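A closer look at the structure
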Amino acid sequence: MAKLRAVRGTQDLLPEAWARHCHVEETARRITGLFNYRSVATPVFEFTEVFARTLGETSDVVTKEMYTFADKGGDSLTLRPENTAGVARAFISGNLQQQLPLKYFYSGPMFRHERPQKGRLRQFHQIGIEVLGVAGPAADIEVIQAGAHVLDALGVRDLTRLELNTLGDPDSRTAYREALVAYYARRESELSEEGRSRLQRNPLRLLDSKDERDKAVSADAPGYDDYLNGQSTDFFAEVCEGLDALGIAYVRNPRLVRGLDYYGHTAFEFTTDALGAQGAVIAGGRYDGLVATMGGPPTPGIGWAGGIERLAMLTTDYPEASPVVSLVPVGPAAEKQALPLADSLRRAGIAVDLGLSGNLKRRMQQANRIGARAAVLLGEDELAKAVATVRDMESGEQREVPIDRLAAALAP
RNA sequence: GUGCCCAUAGCUCAGUUGGUUAGAGCGCCUGGUUGUGGUCCAGGAGGUCGCCGGUUCAAAUCCGGUUGGGCACCCCA
(Lines give C-alpha, C1' and ligand atoms only; values in the text may rest on other atoms or scores of the structure.)
Protein backbone atom coordinates (compact mmCIF):
# COMPACT_ATOMS: atom_id res chain seq x y z
CA MET A 1 0.00 0.00 0.00
CA ALA A 2 1.02 3.61 -0.08
CA LYS A 3 4.35 4.15 1.59
CA LEU A 4 3.66 7.83 1.82
CA ARG A 5 1.11 8.55 4.49
CA ALA A 6 0.01 11.41 6.65
CA VAL A 7 1.75 11.65 10.00
CA ARG A 8 0.00 9.75 12.74
CA GLY A 9 -2.84 11.73 14.21
CA THR A 10 -3.11 14.07 11.23
CA GLN A 11 -5.55 13.88 8.37
CA ASP A 12 -6.26 15.33 4.98
CA LEU A 13 -9.46 17.29 4.74
CA LEU A 14 -10.72 16.64 1.22
CA PRO A 15 -13.62 18.59 -0.28
CA GLU A 16 -16.52 16.99 1.55
CA ALA A 17 -14.81 16.92 4.96
CA TRP A 18 -13.38 20.38 4.42
CA ALA A 19 -16.81 21.73 3.51
CA ARG A 20 -18.16 20.52 6.86
CA HIS A 21 -15.13 21.95 8.58
CA CYS A 22 -15.55 25.33 6.93
CA HIS A 23 -19.26 25.32 7.70
CA VAL A 24 -18.52 24.94 11.42
CA GLU A 25 -15.90 27.65 11.32
CA GLU A 26 -17.94 30.08 9.26
CA THR A 27 -21.03 29.54 11.36
CA ALA A 28 -19.09 30.20 14.55
CA ARG A 29 -17.47 33.30 13.10
CA ARG A 30 -20.81 34.61 11.92
CA ILE A 31 -22.62 33.97 15.20
CA THR A 32 -19.87 35.34 17.43
CA GLY A 33 -19.74 38.30 15.06
CA LEU A 34 -23.34 38.99 16.05
CA PHE A 35 -22.00 39.36 19.60
CA ASN A 36 -19.25 41.63 18.26
CA TYR A 37 -16.38 39.22 18.75
CA ARG A 38 -13.70 40.24 16.29
CA SER A 39 -11.75 37.64 14.38
CA VAL A 40 -8.04 37.43 15.13
CA ALA A 41 -5.19 35.04 14.45
CA THR A 42 -2.08 34.45 16.51
CA PRO A 43 1.01 32.44 15.48
CA VAL A 44 0.81 28.67 15.33
CA PHE A 45 3.97 28.47 17.42
CA GLU A 46 5.23 30.44 20.38
CA PHE A 47 8.19 30.42 22.71
CA THR A 48 7.81 27.31 24.83
CA GLU A 49 7.55 29.28 28.06
CA VAL A 50 4.35 30.91 26.85
CA PHE A 51 2.66 27.55 27.36
CA ALA A 52 4.88 25.95 29.97
CA ARG A 53 4.44 28.71 32.49
CA THR A 54 0.76 29.37 31.97
CA LEU A 55 -0.81 25.97 31.55
CA GLY A 56 0.62 24.63 34.80
CA GLU A 57 3.86 22.80 35.29
CA THR A 58 2.09 19.59 36.21
CA SER A 59 -0.62 19.59 33.58
CA ASP A 60 -0.63 16.75 31.06
CA VAL A 61 -0.50 19.20 28.22
CA VAL A 62 2.81 20.56 29.42
CA THR A 63 4.39 17.40 30.74
CA LYS A 64 3.80 15.12 27.78
CA GLU A 65 1.68 16.53 25.00
CA MET A 66 3.61 19.47 23.59
CA TYR A 67 5.31 19.52 20.21
CA THR A 68 8.48 21.30 21.23
CA PHE A 69 11.52 21.91 19.07
CA ALA A 70 14.61 24.07 19.01
CA ASP A 71 14.86 26.61 16.22
CA LYS A 72 18.12 27.51 14.59
CA GLY A 73 18.88 30.26 17.04
CA GLY A 74 18.54 27.84 19.91
CA ASP A 75 15.21 29.11 21.20
CA SER A 76 12.76 26.49 22.37
CA LEU A 77 9.54 26.81 20.41
CA THR A 78 6.28 24.91 20.77
CA LEU A 79 3.36 24.31 18.43
CA ARG A 80 0.36 25.74 20.25
CA PRO A 81 -1.68 23.13 22.14
CA GLU A 82 -4.45 25.72 22.64
CA ASN A 83 -4.95 29.36 21.82
CA THR A 84 -5.79 31.16 25.04
CA ALA A 85 -2.16 31.55 26.07
CA GLY A 86 -1.33 32.89 22.61
CA VAL A 87 -4.12 35.47 22.76
CA ALA A 88 -2.99 36.54 26.23
CA ARG A 89 0.57 36.85 24.99
CA ALA A 90 -0.60 38.94 22.02
CA PHE A 91 -2.54 41.14 24.42
CA ILE A 92 0.59 41.75 26.47
CA SER A 93 2.93 42.09 23.48
CA GLY A 94 0.64 44.61 21.82
CA ASN A 95 0.03 46.69 24.95
CA LEU A 96 -3.68 46.39 24.36
CA GLN A 97 -4.75 47.12 27.94
CA GLN A 98 -5.89 50.60 26.97
CA GLN A 99 -8.46 49.11 24.60
CA LEU A 100 -10.22 46.93 27.15
CA PRO A 101 -12.61 45.29 27.07
CA LEU A 102 -11.64 43.13 24.11
CA LYS A 103 -13.71 40.39 22.51
CA TYR A 104 -11.92 38.06 20.13
CA PHE A 105 -12.83 35.09 17.98
CA TYR A 106 -10.20 32.74 16.60
CA SER A 107 -10.03 29.56 14.55
CA GLY A 108 -7.12 27.38 13.57
CA PRO A 109 -5.00 24.29 14.09
CA MET A 110 -3.76 23.15 17.50
CA PHE A 111 -1.25 20.40 18.24
CA ARG A 112 -1.11 17.86 21.02
CA HIS A 113 1.05 14.75 21.07
CA GLU A 114 -1.60 12.33 22.31
CA ARG A 115 -2.58 8.88 21.21
CA PRO A 116 -5.15 9.33 18.46
CA GLN A 117 -8.70 8.27 19.14
CA LYS A 118 -12.14 9.04 17.84
CA GLY A 119 -12.51 12.80 17.99
CA ARG A 120 -8.94 13.22 19.10
CA LEU A 121 -6.11 14.07 16.73
CA ARG A 122 -2.58 15.35 17.05
CA GLN A 123 -3.35 18.20 14.72
CA PHE A 124 -6.89 19.29 15.33
CA HIS A 125 -8.75 22.53 14.90
CA GLN A 126 -10.47 24.79 17.34
CA ILE A 127 -12.76 27.74 17.23
CA GLY A 128 -12.88 29.89 20.30
CA ILE A 129 -13.69 33.22 21.87
CA GLU A 130 -11.99 35.23 24.57
CA VAL A 131 -13.20 38.24 26.57
CA LEU A 132 -10.49 40.27 28.25
CA GLY A 133 -11.05 42.97 30.81
CA VAL A 134 -14.49 42.17 32.18
CA ALA A 135 -14.45 41.06 35.81
CA GLY A 136 -18.17 40.66 36.34
CA PRO A 137 -20.45 37.68 35.62
CA ALA A 138 -22.07 39.45 32.68
CA ALA A 139 -19.12 38.30 30.58
CA ASP A 140 -19.50 34.70 31.77
CA ILE A 141 -23.14 34.75 30.83
CA GLU A 142 -22.52 36.23 27.38
CA VAL A 143 -19.71 33.82 26.61
CA ILE A 144 -21.85 30.81 27.47
CA GLN A 145 -24.75 32.31 25.57
CA ALA A 146 -22.57 32.71 22.49
CA GLY A 147 -21.53 29.06 22.76
CA ALA A 148 -25.13 27.96 22.98
CA HIS A 149 -25.99 30.15 20.01
CA VAL A 150 -23.24 28.61 17.90
CA LEU A 151 -24.51 25.13 18.73
CA ASP A 152 -28.03 26.25 17.84
CA ALA A 153 -26.87 27.58 14.50
CA LEU A 154 -25.10 24.32 13.75
CA GLY A 155 -28.23 22.39 14.61
CA VAL A 156 -26.49 20.31 17.26
CA ARG A 157 -27.62 21.99 20.44
CA ASP A 158 -30.11 19.25 21.29
CA LEU A 159 -27.31 16.68 21.11
CA THR A 160 -25.47 18.45 23.89
CA ARG A 161 -25.99 19.48 27.48
CA LEU A 162 -24.38 22.31 29.34
CA GLU A 163 -22.46 21.36 32.46
CA LEU A 164 -21.57 24.14 34.83
CA ASN A 165 -19.42 24.52 37.90
CA THR A 166 -17.47 27.08 39.82
CA LEU A 167 -13.86 26.75 40.81
CA GLY A 168 -14.14 29.76 43.09
CA ASP A 169 -11.72 32.59 43.57
CA PRO A 170 -8.10 31.92 44.54
CA ASP A 171 -8.80 32.14 48.28
CA SER A 172 -11.66 29.69 48.09
CA ARG A 173 -9.69 27.39 45.89
CA THR A 174 -6.74 27.38 48.24
CA ALA A 175 -8.97 26.67 51.22
CA TYR A 176 -10.76 23.88 49.43
CA ARG A 177 -7.57 22.42 48.13
CA GLU A 178 -6.19 22.23 51.63
CA ALA A 179 -9.34 20.59 52.88
CA LEU A 180 -9.21 18.04 50.09
CA VAL A 181 -5.57 17.24 50.64
CA ALA A 182 -6.21 16.79 54.35
CA TYR A 183 -9.13 14.49 53.64
CA TYR A 184 -7.49 12.35 50.98
CA ALA A 185 -4.17 12.17 52.82
CA ARG A 186 -5.98 10.52 55.71
CA ARG A 187 -7.28 7.81 53.39
CA GLU A 188 -4.39 7.68 50.98
CA SER A 189 -3.96 3.94 51.33
CA GLU A 190 -7.42 3.42 49.87
CA LEU A 191 -6.65 5.35 46.69
CA SER A 192 -5.51 3.93 43.38
CA GLU A 193 -1.96 4.47 42.30
CA GLU A 194 -3.18 7.08 39.82
CA GLY A 195 -5.25 8.64 42.58
CA ARG A 196 -2.24 9.04 44.83
CA SER A 197 -0.42 10.67 41.97
CA ARG A 198 -3.27 13.12 41.51
CA LEU A 199 -3.20 13.89 45.20
CA GLN A 200 0.30 15.18 44.67
CA ARG A 201 -0.24 16.89 41.34
CA ASN A 202 -3.76 18.22 41.37
CA PRO A 203 -6.05 17.13 44.22
CA LEU A 204 -9.11 18.60 42.52
CA ARG A 205 -8.77 16.00 39.81
CA LEU A 206 -9.35 13.22 42.32
CA LEU A 207 -12.97 14.26 42.32
CA ASP A 208 -13.55 13.11 38.77
CA SER A 209 -11.44 9.95 38.86
CA LYS A 210 -13.17 6.99 37.24
CA ASP A 211 -11.38 4.46 39.42
CA GLU A 212 -13.83 2.71 41.76
CA ARG A 213 -11.50 2.97 44.75
CA ASP A 214 -11.08 6.69 44.22
CA LYS A 215 -14.79 7.11 43.70
CA ALA A 216 -15.48 5.34 46.98
CA VAL A 217 -13.17 7.67 48.84
CA SER A 218 -14.45 10.72 46.99
CA ALA A 219 -18.03 9.96 47.96
CA ASP A 220 -17.41 11.39 51.42
CA ALA A 221 -14.99 14.09 50.36
CA PRO A 222 -15.76 17.63 51.47
CA GLY A 223 -17.91 19.60 49.01
CA TYR A 224 -16.64 22.76 47.46
CA ASP A 225 -19.75 24.72 48.36
CA ASP A 226 -18.71 24.63 52.01
CA TYR A 227 -15.45 26.34 51.20
CA LEU A 228 -16.59 28.97 48.72
CA ASN A 229 -16.40 32.40 50.25
CA GLY A 230 -19.23 34.88 49.91
CA GLN A 231 -17.79 36.59 46.89
CA SER A 232 -17.38 33.33 44.99
CA THR A 233 -20.85 32.13 45.92
CA ASP A 234 -22.43 35.39 44.83
CA PHE A 235 -20.54 35.41 41.56
CA PHE A 236 -21.66 31.92 40.68
CA ALA A 237 -25.24 32.70 41.70
CA GLU A 238 -25.28 35.65 39.33
CA VAL A 239 -24.02 33.51 36.47
CA CYS A 240 -26.75 30.96 37.15
CA GLU A 241 -29.42 33.65 37.36
CA GLY A 242 -28.28 35.10 34.07
CA LEU A 243 -28.50 31.74 32.34
CA ASP A 244 -31.91 31.12 33.88
CA ALA A 245 -33.13 34.47 32.62
CA LEU A 246 -31.96 33.57 29.11
CA GLY A 247 -33.61 30.16 29.30
CA ILE A 248 -30.29 28.38 28.86
CA ALA A 249 -30.56 25.02 30.59
CA TYR A 250 -27.59 23.61 32.47
CA VAL A 251 -26.74 20.97 35.00
CA ARG A 252 -24.48 21.63 37.93
CA ASN A 253 -21.55 19.27 37.85
CA PRO A 254 -19.52 19.73 41.02
CA ARG A 255 -16.89 17.37 39.69
CA LEU A 256 -16.26 19.46 36.59
CA VAL A 257 -12.74 20.77 37.04
CA ARG A 258 -10.28 22.17 34.55
CA GLY A 259 -7.00 20.57 33.67
CA LEU A 260 -5.26 23.85 33.09
CA ASP A 261 -4.13 25.82 36.10
CA TYR A 262 -5.23 29.26 35.11
CA TYR A 263 -8.95 28.70 35.52
CA GLY A 264 -11.03 30.03 38.39
CA HIS A 265 -14.69 30.81 39.06
CA THR A 266 -16.87 29.70 36.16
CA ALA A 267 -16.08 26.43 34.40
CA PHE A 268 -18.39 24.91 31.82
CA GLU A 269 -18.62 22.32 29.09
CA PHE A 270 -21.11 21.58 26.38
CA THR A 271 -20.90 17.80 26.19
CA THR A 272 -22.47 15.13 24.05
CA ASP A 273 -23.01 11.39 24.33
CA ALA A 274 -22.74 10.96 20.57
CA LEU A 275 -18.95 10.98 20.37
CA GLY A 276 -17.91 8.21 22.73
CA ALA A 277 -15.38 9.17 25.34
CA GLN A 278 -14.57 12.52 23.78
CA GLY A 279 -17.77 14.20 24.83
CA ALA A 280 -16.70 17.81 25.20
CA VAL A 281 -17.43 19.88 22.11
CA ILE A 282 -17.13 23.33 23.64
CA ALA A 283 -15.41 23.95 26.94
CA GLY A 284 -14.14 26.95 28.76
CA GLY A 285 -14.04 29.03 31.84
CA ARG A 286 -12.73 32.09 33.58
CA TYR A 287 -9.00 32.75 33.81
CA ASP A 288 -8.57 35.93 35.78
CA GLY A 289 -5.00 35.15 36.81
CA LEU A 290 -3.56 34.28 33.43
CA VAL A 291 -2.42 37.61 32.07
CA ALA A 292 -0.77 38.61 35.35
CA THR A 293 0.92 35.22 35.55
CA MET A 294 2.48 35.95 32.18
CA GLY A 295 3.83 39.27 33.39
CA GLY A 296 1.12 41.51 31.98
CA PRO A 297 -1.18 43.93 33.75
CA PRO A 298 -3.69 42.03 35.93
CA THR A 299 -6.57 41.48 33.53
CA PRO A 300 -9.61 39.25 33.99
CA GLY A 301 -10.52 36.92 31.15
CA ILE A 302 -13.03 34.29 30.15
CA GLY A 303 -13.54 32.22 27.02
CA TRP A 304 -14.15 28.88 25.47
CA ALA A 305 -12.75 26.66 22.78
CA GLY A 306 -14.66 24.25 20.57
CA GLY A 307 -13.31 21.29 18.62
CA ILE A 308 -14.13 21.75 14.95
CA GLU A 309 -13.71 18.06 14.10
CA ARG A 310 -15.99 17.06 16.95
CA LEU A 311 -18.60 19.61 16.01
CA ALA A 312 -18.36 18.58 12.36
CA MET A 313 -19.04 14.97 13.35
CA LEU A 314 -22.27 16.03 15.02
CA THR A 315 -23.32 18.20 12.10
CA THR A 316 -25.57 16.30 9.76
CA ASP A 317 -26.49 19.01 7.31
CA TYR A 318 -24.26 21.62 5.81
CA PRO A 319 -24.70 23.73 2.71
CA GLU A 320 -23.59 21.97 -0.44
CA ALA A 321 -21.57 23.82 -3.00
CA SER A 322 -23.96 25.55 -5.39
CA PRO A 323 -24.08 23.74 -8.71
CA VAL A 324 -21.99 24.99 -11.57
CA VAL A 325 -22.48 25.28 -15.30
CA SER A 326 -20.18 23.24 -17.53
CA LEU A 327 -18.88 24.90 -20.64
CA VAL A 328 -18.17 22.31 -23.32
CA PRO A 329 -16.33 23.52 -26.41
CA VAL A 330 -16.18 21.25 -29.42
CA GLY A 331 -13.34 21.78 -31.84
CA PRO A 332 -10.32 24.14 -31.90
CA ALA A 333 -12.25 27.26 -32.87
CA ALA A 334 -14.67 26.78 -29.98
CA GLU A 335 -11.82 26.09 -27.58
CA LYS A 336 -10.49 29.56 -28.29
CA GLN A 337 -13.88 31.15 -27.75
CA ALA A 338 -14.51 29.22 -24.55
CA LEU A 339 -11.94 30.97 -22.39
CA PRO A 340 -13.26 34.52 -22.84
CA LEU A 341 -16.84 33.28 -22.72
CA ALA A 342 -16.24 31.49 -19.42
CA ASP A 343 -14.59 34.63 -18.14
CA SER A 344 -17.55 36.84 -18.99
CA LEU A 345 -20.00 34.39 -17.42
CA ARG A 346 -17.96 34.26 -14.20
CA ARG A 347 -17.85 38.03 -14.09
CA ALA A 348 -21.62 37.91 -14.32
CA GLY A 349 -21.59 35.77 -11.18
CA ILE A 350 -22.13 32.37 -12.75
CA ALA A 351 -19.94 29.50 -11.57
CA VAL A 352 -18.45 27.89 -14.67
CA ASP A 353 -16.44 24.71 -14.97
CA LEU A 354 -14.53 24.65 -18.22
CA GLY A 355 -13.68 21.14 -19.30
CA LEU A 356 -10.00 21.42 -20.03
CA SER A 357 -9.49 18.26 -22.00
CA GLY A 358 -11.23 15.42 -23.73
CA ASN A 359 -13.78 15.01 -26.45
CA LEU A 360 -17.43 15.91 -26.20
CA LYS A 361 -18.41 12.66 -24.56
CA ARG A 362 -15.69 12.89 -21.94
CA ARG A 363 -16.56 16.44 -21.13
CA MET A 364 -20.22 15.57 -20.79
CA GLN A 365 -19.25 12.81 -18.39
CA GLN A 366 -17.22 15.28 -16.44
CA ALA A 367 -20.18 17.68 -16.36
CA ASN A 368 -22.33 14.91 -15.02
CA ARG A 369 -19.78 13.83 -12.44
CA ILE A 370 -19.45 17.28 -10.91
CA GLY A 371 -23.21 17.67 -10.77
CA ALA A 372 -23.43 20.54 -13.22
CA ARG A 373 -26.92 21.96 -13.53
CA ALA A 374 -26.42 22.74 -17.20
CA ALA A 375 -23.96 22.09 -19.99
CA VAL A 376 -23.24 24.84 -22.50
CA LEU A 377 -22.16 23.34 -25.80
CA LEU A 378 -20.15 25.43 -28.18
CA GLY A 379 -19.25 23.91 -31.55
CA GLU A 380 -18.93 24.76 -35.21
CA ASP A 381 -22.68 24.96 -35.73
CA GLU A 382 -23.18 27.23 -32.74
CA LEU A 383 -20.29 29.52 -33.61
CA ALA A 384 -21.69 30.03 -37.10
CA LYS A 385 -24.97 31.22 -35.58
CA ALA A 386 -23.47 33.04 -32.58
CA VAL A 387 -25.44 30.84 -30.21
CA ALA A 388 -24.70 28.16 -27.65
CA THR A 389 -26.64 24.98 -26.98
CA VAL A 390 -27.77 24.90 -23.37
CA ARG A 391 -28.56 21.44 -22.08
CA ASP A 392 -30.39 21.04 -18.81
CA MET A 393 -28.49 18.22 -17.15
CA GLU A 394 -31.46 17.02 -15.19
CA SER A 395 -34.18 16.95 -17.84
CA GLY A 396 -31.91 16.57 -20.84
CA GLU A 397 -33.77 19.32 -22.66
CA GLN A 398 -31.71 21.47 -25.01
CA ARG A 399 -32.23 24.90 -26.47
CA GLU A 400 -30.16 27.40 -28.39
CA VAL A 401 -29.37 30.71 -26.72
CA PRO A 402 -27.65 33.69 -28.35
CA ILE A 403 -24.21 34.05 -26.84
CA ASP A 404 -24.77 37.63 -25.75
CA ARG A 405 -27.80 36.54 -23.73
CA LEU A 406 -26.16 33.50 -22.11
CA ALA A 407 -25.46 35.15 -18.79
CA ALA A 408 -29.10 36.11 -18.34
CA ALA A 409 -30.31 32.70 -19.48
CA LEU A 410 -28.01 30.89 -17.06
CA ALA A 411 -28.64 33.10 -14.04
CA PRO A 412 -29.49 30.74 -11.18
C1' G B 1 2.21 6.26 27.75
C1' U B 2 -1.15 1.43 29.16
C1' G B 3 -4.91 -2.37 27.70
C1' C B 4 -8.24 -4.87 24.15
C1' C B 5 -9.78 -5.40 18.93
C1' C B 6 -8.68 -4.83 13.70
C1' A B 7 -5.66 -4.53 8.66
C1' U B 8 -7.78 -8.70 1.72
C1' A B 9 -8.77 -4.49 -5.36
C1' G B 10 -9.72 2.92 -5.50
C1' C B 11 -14.20 2.07 -1.72
C1' U B 12 -17.34 -1.48 1.34
C1' C B 13 -16.49 -6.35 2.38
C1' A B 14 -16.59 -12.35 1.38
C1' G B 15 -12.69 -15.95 1.74
C1' U B 16 -15.43 -22.22 5.55
C1' U B 17 -10.75 -27.11 10.05
C1' G B 18 -3.80 -23.74 6.58
C1' G B 19 -4.47 -27.00 0.46
C1' U B 20 -4.34 -25.65 -6.92
C1' U B 21 -4.72 -19.54 -11.19
C1' A B 22 -7.76 -14.88 -3.93
C1' G B 23 -13.77 -13.42 -5.07
C1' A B 24 -18.38 -10.00 -4.98
C1' G B 25 -20.81 -5.24 -5.17
C1' C B 26 -19.78 -0.26 -6.16
C1' G B 27 -16.20 2.67 -8.71
C1' C B 28 -12.68 2.94 -12.95
C1' C B 29 -11.46 1.91 -18.38
C1' U B 30 -13.14 0.33 -23.56
C1' G B 31 -17.03 -0.54 -27.01
C1' G B 32 -22.45 -0.30 -28.38
C1' U B 33 -23.20 6.21 -29.95
C1' U B 34 -18.22 10.11 -36.23
C1' G B 35 -21.43 16.63 -31.71
C1' U B 36 -23.88 14.64 -26.16
C1' G B 37 -23.70 12.78 -19.77
C1' G B 38 -26.78 10.26 -16.12
C1' U B 39 -30.04 4.65 -17.31
C1' C B 40 -29.11 -0.09 -20.17
C1' C B 41 -25.98 -4.02 -22.69
C1' A B 42 -21.09 -6.37 -23.77
C1' G B 43 -16.09 -6.62 -22.51
C1' G B 44 -11.60 -5.16 -19.64
C1' A B 45 -7.93 -3.44 -16.19
C1' G B 46 -6.77 -3.52 -11.10
C1' G B 47 -4.42 -7.18 -5.23
C1' U B 48 3.82 -9.06 -3.60
C1' C B 49 -3.73 -10.44 1.17
C1' G B 50 -0.17 -3.42 5.76
C1' C B 51 5.23 -4.55 6.46
C1' C B 52 9.33 -7.93 8.45
C1' G B 53 10.47 -12.59 10.25
C1' G B 54 9.06 -17.65 11.95
C1' U B 55 6.26 -22.64 11.94
C1' U B 56 4.86 -26.01 7.76
C1' C B 57 5.46 -30.17 2.09
C1' A B 58 2.02 -25.88 1.75
C1' A B 59 0.21 -19.46 5.06
C1' A B 60 -4.57 -14.23 3.34
C1' U B 61 -5.49 -18.21 7.09
C1' C B 62 -1.11 -20.24 12.71
C1' C B 63 3.01 -17.61 15.88
C1' G B 64 6.30 -13.24 17.04
C1' G B 65 7.60 -8.33 15.94
C1' U B 66 6.49 -3.74 13.55
C1' U B 67 3.50 0.20 11.31
C1' G B 68 -1.28 2.16 10.82
C1' G B 69 -6.46 2.32 12.44
C1' G B 70 -10.64 1.58 16.04
C1' C B 71 -12.30 1.48 21.20
C1' A B 72 -11.30 2.33 26.34
C1' C B 73 -7.89 4.35 30.21
C1' C B 74 -5.03 8.89 30.95
C1' C B 75 -6.30 13.73 29.43
C1' C B 76 -8.88 16.90 26.71
C1' A B 77 -11.67 20.32 22.02
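Above this note sits the structure.
Residues numbered from 1 in each chain as written. Chains lettered and ligands numbered in written order. Predicted model: local features only at pLDDT ≥ 70, side-chain atom pairs only at ≥ 80, totals over all residues. Heavy atoms only, no water.

Right, let's get into the sheet that holds strand β6 (residues 123-132). Strand order in the open sheet made by the eight strands is β1-β5-β6-β11-β10-β9-β7-β8, with mixed pairing throughout. Looking at strand neighbours, the two that pair on one side only are β1 (38-39) and β8 (251-252), the edges of this open sheet. The pairing of strand β7 (residues 160-166) with strand β9 (residues 264-272) spans seven bridges and is antiparallel. The partner of R161 across the bridge, within β9, is T271. (Pairing = 2+ DSSP bridges. Helix = DSSP H or I, 4+ residues; strand = E, 2+ residues; numbered from the N terminus.)

Following the criterion strictly, the structure yields 13 salt bridges and no others. With a shortest N-O distance of 2.6 Å, R286 and D140 are connected by a salt bridge. On the criterion of sequence distance, the pair formed by R286 in strand β10 (residues 280-286) and D140 in helix α5 (residues 137-154) is long-range, its members being 146 residues apart. Given the relative accessible area of 0%, D140 is considered buried. As a salt-bridge pair, R286 and D288 come within 2.8 Å of each other at their nearest N and O atoms. On the basis of relative accessible area, R286 is assigned to the buried category, the value being 0%. With relative accessibility at 30%, the residue D288 sits in the partly exposed group. Three or more residues joined by partner-sharing salt bridges are found here, namely D140, R286 and D288. (Salt bridge = Lys/Arg side-chain N within 4 Å of Asp/Glu carboxyl O. Buried < 20%, exposed > 50% of the residue type's maximum accessible area, 1.4 Å probe, protein only.)

Turning next to the packing of aromatic side chains. For any pair of aromatic rings, the description consists of the separation of the ring centres together with the inter-plane angle of the planes. A full pass over the atoms with the stated rule returns six aromatic pairs. A ring pair is formed by Y176 and Y224, whose centres lie 4.2 Å apart and whose planes are at 10°; its orientation type is stacked. Of the two residues, Y176 sits in helix α6 (residues 170-186) while Y224 sits in the loop between α8 (212-218) and α9 (230-246), which places them 48 residues apart along the sequence. The burial state of Y176 is the same as that of Y224; both residues are buried. Over the ring of Y37 we find K103, and its NZ or CZ is 4.8 Å from the ring centre. (Phe/Tyr/Trp six-rings, centres within 6.5 Å; stacked < 30°, edge-to-face > 60°. Lys NZ or Arg CZ within 6 Å of the ring centre and 35° of its normal.)

Interaxial distance between helix α1 (residues 15-34) and α5 falls to 9 Å at its minimum, and their mutual angle equals 135°. Relative to α5, α1 is oriented oblique. Pair α1 / α5 crosses with right-handed handedness. Listed contacts from α5 to H23, V24, T27, A28, R30, I31 and T32 of α1 are A146, H149, V150, A153 and L154. (Axes fitted to C-alpha atoms, helices over the stretch in contact; angles between N-to-C directions. Parallel < 35°, antiparallel > 145°, perpendicular 65-115°, else oblique. Left-handed = near helix turned anticlockwise from the far one by under 90°. Contact = heavy atoms within 4.5 Å.)

With mixed pairing, five strands are arranged side by side in an open sheet as β13-β12-β14-β15-β16. Two strands lie at the open edges of the sheet, namely β13 (352-354) and β16 (398-402), each paired on one side alone. Strand-to-strand twist across the sheet, computed as the mean angle between neighbouring axes with direction ignored, equals 30°. Both strand β12 (residues 325-329) and β13 contribute to a ladder of three bridges, which runs parallel. By the bridge assignment for β13, L327 is matched with L354. Lying over the sheet, helix α12 (residues 332-347) contacts β12, β13 and β14 (374-378), oriented at roughly 160° with respect to β13. Sheet strands in contact with helix α13 (residues 360-369) are β12, β13, β14 and β15 (387-392), and its direction is about 175° off that of β12.

This paragraph deals with a negative patch on the surface. A contiguous patch of negative charge, built from D234, E238, E241 and D244, is present on the exposed surface. Relative to the assigned elements, D234 resides in helix α9. (Patch = residues over 30% accessible without salt bridge, like charges linked within 9 Å, V, L, I, M, F, W, Y side chains within 5 Å. Areas by Shrake-Rupley, 256 points an atom, 1.4 Å probe, with all protein chains shown as cover. Lys, Arg positive; Asp, Glu negative; His and termini not counted. Charge placed at Lys NZ, Arg CZ, Asp CG, Glu CD.)

The end-to-end C-alpha separation of α6 is 24 Å, in line with the 24 Å expected for 17 residues at 1.5 Å each. Those residues of α6 not exposed but buried are S172, R173, Y176, A179, L180, Y183 and Y184. The arc enclosing the buried residues of α6, seen along the axis, measures out at 130°, which places them on a common side. Exposed residues on α6 whose side chains face more than 90 degrees from its buried face are P170, D171, E178 and R186. Its buried side turned inward, α6 meets α7 (193-201), α8, α9 and β9. (Expected span 1.5 Å × (residues − 1). Arc of directions from axis to C-beta.)

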